[in-house]
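Coordinate analysis (summary)
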Amino acid sequence: MRVLKFGLALATGIGVLVGLAPTNADLRAESAPLAVVATTGMIADAARQVGGDRVDVKALMGPGVDPHAYRQTRTDIAAMAGADLVLWHGLYLEAQMEDFLRELAESRNVVAVAETLPDTVLIGHDTYVDKYDPHVWMDPALWSDVVIAVRDALIDTHPEDRAVFEGNAARHLENIEALADYASDALGSVPTAGRVLLTAHDAFNYFGSAYGFEVIGIQGISTESEAGLNRIAELVDLLVDRQIGAVFVESSVSDRNIRALVEGAAARGHDVIVGGELFSDAMGTDGTYEGTYLGMIDHNTTTISRALGGDAPERGMNGRLSAGS
Ligand code: ZN
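Residues numbered from 1 in each chain as written. Predicted model: local features only at pLDDT ≥ 70, side-chain atom pairs only at ≥ 80, totals over all residues. Heavy atoms only, no water.

**Overview of the pattern of salt bridges**
Note the following rule: For this document, the term salt bridge refers to a Lys or Arg side-chain nitrogen within 4 Å of an Asp or Glu carboxyl oxygen. Strands here are runs of E lasting at least two residues and helices are runs of H or I lasting at least four, both read from the DSSP assignment and numbered beginning at the N terminus. Working definition: with a 1.4 Å probe on protein chains only, accessible area under 20% of the residue-type maximum means buried, over 50% means exposed, and in between means partly exposed.
With the rule as written, the count across this model stands at nine salt bridges. With a shortest N-O distance of 3.0 Å, glutamate 115 and arginine 102 are connected by a salt bridge. On the criterion of sequence distance, the pair formed by glutamate 115 in the loop between β4 (110-112) and α6 (140-157) and arginine 102 in helix α5 (residues 98-104) is long-range, its members being 13 residues apart. The residue aspartate 152 makes a salt bridge to arginine 151 at a minimum N-O spacing of 3.0 Å. For arginine 151, a relative accessible area of 21% corresponds to the partly exposed category. A cluster of three or more residues bridged by salt bridges with shared partners is formed by Glu98, Arg102 and Glu115.

**Some thoughts on α6**
Note the following rule: Given a helix with a known number of residues, its expected span is that number minus one, times 1.5 Å. Polar contacts, as counted here, are pairs of nitrogen or oxygen atoms within 3.5 Å of one another; within protein the pair requires one atom able to donate a hydrogen and one able to accept it, and residues that are adjacent in sequence qualify only if both atoms are side-chain atoms.
Between its first and last C-alpha, α6 extends 25 Å over 18 residues, near the 26 Å set by a 1.5 Å rise per residue. Where α6 is concerned, the buried positions are Pro140, Leu142, Trp143, Ser144, Val146, Val147, Ala149, Val150, Ala153, Leu154, Ile155 and Thr157. The distance from a side-chain oxygen at the start of α6 to the backbone nitrogen of alanine 141 is 2.9 Å, and the residue carrying that oxygen is aspartate 139.

**Considerations on the packing of helix α3 (residues 41-51) against α6**
To keep it simple, the criterion reads: Lines are fitted to the C-alpha atoms to define the axes, a helix being fitted only along its stretch in contact, and any angle between axes, read from their N-to-C directions, falls within 0 to 180 degrees. Roughly parallel means an angle under 35 degrees; roughly antiparallel means over 145; roughly perpendicular covers 65 to 115; every other angle is labelled oblique. When the near helix sits turned anticlockwise from the far one by under a right angle, the crossing is termed left-handed; a clockwise turn instead gives a right-handed crossing. By definition in these notes, contact holds between two residues if any of their heavy atoms fall within 4.5 Å.
Look at α3 against α6: their axes get within 9 Å of each other, and the N-to-C directions meet at 60°. Viewed along their axes, α3 and α6 adopt a mutual orientation that is oblique. Classified by chirality, the crossing of α6 by α3 is right-handed. Residues Met42, Ile43, Ala46, Ala47, Val50 and Gly51 of α3 pack against Trp143, Val147, Val150, Arg151 and Leu154 of α6.

**Observations regarding the sheet that holds β4**
Using the following cut-off: Pairing between two strands requires that DSSP report at least two bridges joining them.
Strand order in this open sheet of four strands is β2-β1-β3-β4, and the pairing throughout is parallel. The sheet terminates laterally at β2 (55-59) and β4, the two strands that pair on one side only. The sheet shows a mean angle of 20° between the axes of neighbouring strands, direction not considered. Alignment of strand β1 (residues 34-38) against strand β3 (residues 85-88), held across three bridges, turns out to be parallel. Paired with valine 37 across the two strands is valine 86, which belongs to β3.

**Section: the packing of aromatic side chains**
Keep this limit in mind: Centre distance within 6.5 Å is the pairing criterion for rings of Phe, Tyr and Trp, where only the six-membered ring of Trp is used; planes under 30 degrees apart are then read as stacked, over 60 as edge-to-face, and the remainder as tilted. Distance and angle both matter: a charge sits over a ring if NZ of Lys or CZ of Arg is within 6 Å of the ring centre and within 35 degrees of the ring normal.
Considering all chains together, one arrives at four aromatic pairs under this definition. Between the aromatic rings of phenylalanine 204 and phenylalanine 207, the centroid separation amounts to 6.2 Å while the plane-to-plane angle is 85°, which identifies the pairing as edge-to-face. The two residues phenylalanine 204 and phenylalanine 207 agree in class, both being buried. Summarising the aromatic geometry, the rings of phenylalanine 207 and tyrosine 211 are spaced 5.4 Å apart at their centres and angled 55° between planes, so their arrangement reads as tilted. Linking phenylalanine 207 with tyrosine 211, this pair stays in helix α8 (residues 205-211), spanning four residues, or about one helical turn. Phenylalanine 207 sits in the buried class, given a relative accessible area of 2%. Relative accessible area serves as the criterion here: at 12%, tyrosine 211 is assigned to the buried category. One aromatic cluster is present, formed by Phe204, Phe207, Tyr211 and Phe213 through successive ring pairs. Between the NZ or CZ atom of lysine 131 and the centre of the ring of tyrosine 92, over which it lies, the distance is 4.5 Å.

**Details of the pairing of β3**
Our working definition: Clockwise travel from the first strand over the helix to the second, with the strands pointing away from the viewer, marks a crossover as right-handed.
Residues of β3 alternate between two faces, with Leu85 and Leu87 on one and Val86 and Trp88 on the opposite face, all of them buried. Alignment of β3 against β4, held across three bridges, turns out to be parallel. When the bridges of β4 are listed, tryptophan 88 appears paired with alanine 112. The parallel pair β3 and β4, bridged by α5, forms a crossover whose chirality is right-handed.

Any link to function would need more than the numbers given here.
Written out as structure tokens, the structure reads:
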């Protein structure tokens, strides 16, 4: 039998909204799937992979949504209140939801899955001295441990399905291991001098650390300010000196900065291309391969490898990437 917790949040602001509502668990027959709410698409994907047909997963943040800025809506609150399990990332990724989720955890089944990682594998944060970089999904080895945390949270929530969750998790972990092997090969084929990843924001530090790439984020640079112009000049120097052939955009990147870099390098006789668009904090379109964790990282890996002179197949690890993706 599942242990049900409710009604304990009455004294809090959350309690007013969720404390009295019966959860799906109260209403559901034993055979119905668990109602799971996940904040990011990556966590929802892990819950679907591990939970299979034993879970009904809702992701609060869809493709293209910035988790650093996202704030829960009333619909989200209702979904979380009725869920058997709420999975969030933690490590201050959901900065605007942090207080809400920590308070909800006092009365509900809420797990911060990335906070199960030991401090020793985490990278410090440039912006916040006392916090860690939350972008751990960029390293498949770290993400495997998060998948295990998702599996354990599902088992704690519904121990009767332990065997199903363990079997599904083992299969998914094998796929992630194959992805990590593919990424090692594809990125290891990029000439050593060219292993520089210049992107829009600071999402790729774990990726760089895992695959030996120097990572530079250009977020926050304004070409209108002296500091911004100096920074652009500095990055142009780096592109020319290191003969870096490509820079990468994320959906939110400023075109102007990218153009300034490409033009600046061209003026110095060095051609730089925009190597493609990378998925940083959200996955691709729902229902596509790129809309899964495996497809997201396959896309990034393949795009980066090919743009920087590496040797990776156009359609990626298993031929499933969309053409021209
Ligand atoms: Zn980010």
